[in-house]
Amino acid sequence: MALQVAVGVVLNSRREILLTRRAVEVHQGGLWEFPGGKLEPGETVLEALGRELREELGIEVTKSTPLLEVRHDYAEGSVLLDVHIVWAFEGSPQALEGQPMAWVRQEALDDYAFPAANMPIIAALREQLADSELSRSDQGA
Ligand SMILES: Nc1nc2c([nH]c(=O)n2[C@@H]2O[C@H](COP(=O)(O)OP(=O)(O)OP(=O)(O)O)[C@@H](O)[C@H]2O)c(=O)[nH]1
Ligand SMILES: [Mg+2]
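Reference entry: report on the structure contained in this document.

Rules used in this analysis
Residues numbered from 1 in each chain as written. Chains lettered and ligands numbered in written order. Predicted model: local features only at pLDDT ≥ 70, side-chain atom pairs only at ≥ 80, totals over all residues. Heavy atoms only, no water. Helix = DSSP H or I, 4+ residues; strand = E, 2+ residues; numbered from the N terminus. Rg over C-alpha atoms; globule rule 2.2 N^0.38 Å. Buried < 20%, exposed > 50% of the residue type's maximum accessible area, 1.4 Å probe, protein only. Contact = heavy atoms within 4.5 Å. Areas by Shrake-Rupley, 256 points an atom, 1.4 Å probe, with all protein chains shown as cover. Lys, Arg positive; Asp, Glu negative; His and termini not counted. Charge placed at Lys NZ, Arg CZ, Asp CG, Glu CD. Near = heavy atom within 4 Å. Polar contact = N/O pair within 3.5 Å; in protein donor to acceptor, adjacent residues only side chain to side chain. 1 Å grid on protein atoms, 1.4 Å probe; cavity = no way out; pocket = protein on both sides within 12 Å on 5 of 7 lines; lining within 4 Å. Sits in = over half its atoms within 2 Å of the grid points.

Looking now at the overall build of the protein chain. For the protein chain, the count of helices and strands is two helices and seven strands. Helices and strands appear in the protein chain in the N-to-C order β-β-β-β-α-β-β-β-α. Relative to the compact-globule value of 14 Å for 141 residues, the protein chain shows a C-alpha radius of gyration of 15 Å, a close match. Overall, the protein chain is about 50 × 30 × 30 Å in size when its C-alpha atoms are taken along their principal axes. Residues counted as buried form 42% of the 141 residues belonging to the protein chain. In the protein chain, 66% of the contacts between residues at least 6 apart in sequence involve partners at least 24 apart. Counting only carbon and sulfur atoms, one obtains 50% of the accessible surface of the protein chain, whose full area is about 7,600 Å². Looking at the protein chain, you have 12 positive and 23 negative side-chain charges, and the mean spots of the two groups are 4 Å apart.

Written out as structure tokens, the structure is:
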């Protein structure tokens, strides 16, 4: 069975994307990722997302929407990434686990090295952001 993982694409008011870098010694170490982590027994994806972002960044998610689910088979085992866009949160994100952190514009995501499972996330995110920009300009925002 695939390891279930809750993943958050956290956006700020400038529509920049929060990336953190995985520690060198862990699975997919040294690569950039979206914050998140494994579901604990009995937890829903949204509960896990809230807990992981609280633990890793010290923020409270106040608005999120599902983006996509990605299954990927690594040599070490399969993961099922349940990815949500975090449109709003309380608090100011800090790298509480000492991980490097960066706010990155969508156009600059190609400059960062991600785990292989993340490629479809970035494609879906770009579509979603393009759609939300269109609806924002429709509303004169
Ligand atoms: N958080 C996160 N995990 C990802 C991403 N892409 C990806 O393949 N993964 C994989 O998902 C798995 C679980 O993520 P994790 O290591 O963050 O889990 P966690 O926070 O619960 O870790 P812990 O065991 O240190 O508590 C890892 O095997 C990781 O390589 C991503 O963008 N974000
Ligand atoms: Mg994690």
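Next up on the list: the site of ligand 1. Among the 17 residues in the neighbourhood of ligand 1, the closest are listed as His27, Phe34, Lys38, Tyr74 and Asn118. Contact between ligand 1 and Arg22: an oxygen atom at 2.9 Å from a side-chain N or O atom of the residue. Within the side chain of Lys38, one N or O atom sits 2.5 Å away from an oxygen atom of ligand 1. Relative to its unbound accessible area of 630 Å², ligand 1 is 76% covered by the protein chains. Assessed atom by atom at 2 Å from the grid points, ligand 1 resides in the largest pocket. Where the shell around ligand 1 is concerned, the elements lending two or more residues are strand S1 (3-10), strand S4 (36-38) and helix H1 (45-57). Residue contributions to the shell around ligand 1 peak at three residues, all from S4.

Interpretation note: all reported values are geometric properties and have no functional meaning in isolation.
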